[in-house]
Amino acid sequence: MQFMVIERFRDRDAKAVYRRFRDSGRMMPEGLRYVGSWIETNFDRCFQIMECDDARLLQQWIVNWSDLADFEVVPVVSSDQTRETILPYL
């Protein structure tokens with residue numbers, strides 16, 4: 001399953017997040033997969049796509065970063081998959 005993870009950097013301090021990433025990596029549990037990410041130009045938020053079969057893996061990963069960012073997690077389905085699902089109803 002895919003999740004859109006929206007991180008709000010505390011105090012807009014992207015440097016602290018990137019410093020930890022440089023020093024410790026993503027700190028993800030086995031079974032959680034990073035797909036890609038995008039950063040707002042004002043360093044306010046990061047938008048990430050993550051994949052896993054067990055949402056508890058996301059919780060474990062969030063705990064590792066919760067001192068530097070606040071998180072919103074939204075389950076998502078790709079546009080292609082959604083089109084396949086809805087096509088019979090059109």
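For the structure, check the block above.
Residues numbered from 1 in each chain as written. Predicted model: local features only at pLDDT ≥ 70, side-chain atom pairs only at ≥ 80, totals over all residues. Heavy atoms only, no water.

Draft legend 1. Main features of the side chain of Gln 48. Within the secondary structure layout, Gln 48 lies in strand E3 (residues 45–51). In contact with Gln 48, not counting residues within four places along its chain, are Phe 3, Met 4, Val 5, Glu 7, Arg 26, Tyr 34, Gly 36, Ser 37 and Trp 61. (Helix = DSSP H or I, 4+ residues; strand = E, 2+ residues; numbered from the N terminus. Contact = heavy atoms within 4.5 Å.)

Draft legend 2. Geometry of a nonpolar patch on the surface. A contiguous nonpolar patch, built from Tyr 18, Phe 21, Ile 39 and Phe 43 and spanning about 370 Å² of accessible area, is present on the exposed surface. Positionally, Tyr 18 belongs in helix H1 (residues 14–24). Since its relative accessible area comes to 44%, Tyr 18 is described here as partly exposed. (Patch = residues over 30% accessible without salt bridge, like charges linked within 9 Å, V, L, I, M, F, W, Y side chains within 5 Å. Areas by Shrake-Rupley, 256 points an atom, 1.4 Å probe, with all protein chains shown as cover. Salt bridge = Lys/Arg side-chain N within 4 Å of Asp/Glu carboxyl O. Buried < 20%, exposed > 50% of the residue type's maximum accessible area, 1.4 Å probe, protein only.)

Draft legend 3. Fine view of the pairing of strand E1 (residues 2–9). Sheet analysis places E1 next to E3, joined by seven bridges and oriented antiparallel. Bridge pairing links Gln 2 to Glu 51 in E3. (Pairing = 2+ DSSP bridges.)

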